[in-house]
Amino acid sequence: MTISLRNLPPAVQQAIEETSRREGLSLNKATIRLLESSLRKPTKNSDFDEFFGIWPSEEADQFDTALRQMRQVDPADWELPV
């Protein structure tokens, strides 16, 4: 299928050109890439989906421990200097 686009808004033209330049794509392929990415809907909490079920239990436990440590809030970090 072939589509001609006329009177593109400047922001759309700029996005296509930047994608083309950054990724080394033709303007056509950059346009398709941007259109395809606009159709993707992020799933909730999908940040680590690629890792589910592939880590050994020990490594997964280490990762969970590291996350727990990062999520701890130290009240001293929120105190204003005197």
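Counting from 1, residues in each chain are numbered in the order their sequence is written. Restriction of local features to residues with pLDDT of at least 70 applies here, the model being predicted, together with a cutoff of 80 or more for giving and counting side-chain atom pairs; totals for whole chains, interfaces and linings are based on all residues. Think of the side-chain values as coming from all heavy atoms in the structure, minus any hydrogens and water.

Undergrad: What is the right way to read the confidence of the model for the chain from this model?
TA: Note: predicted coordinates in regions of low pLDDT should not be interpreted at a detailed level. Known as pLDDT, the predictor's per-residue confidence is scaled from 0 to 100. The share of residues in the chain with pLDDT of 70 or more is 93%, and the mean pLDDT across the chain is 86. Put simply, DSSP marks the helices as runs of H or I at least four residues long and the strands as runs of E at least two long, and each gets a number from the N terminus on. Element-level pLDDT for the chain is lowest in helix α3 (residues 57-71), with a mean of 88, against a maximum mean of 94 in helix α1 (residues 10-23).

Undergrad: Any chance you could explain the environment of Glu59 here in plain terms?
TA: With respect to the secondary-structure elements, Glu59 resides in helix α3. Summary of the burial criterion: residues with accessible area below 20% of their type's maximum are buried, those above 50% are exposed, and those between are partly exposed, where the area comes from a 1.4 Å probe applied to protein chains only. A relative accessible area of 40% places Glu59 in the partly exposed class.

Undergrad: Is there a simple way to explain unusual backbone geometry in this structure?
TA: A negative phi holds for most residues other than glycine; trans holds for most peptide bonds. Its identity is not glycine, yet Asn7 carries a phi of approximately 55°, on the positive side. Residue Asn7 is classed as exposed on the basis of its relative accessible area, which comes to 75%.

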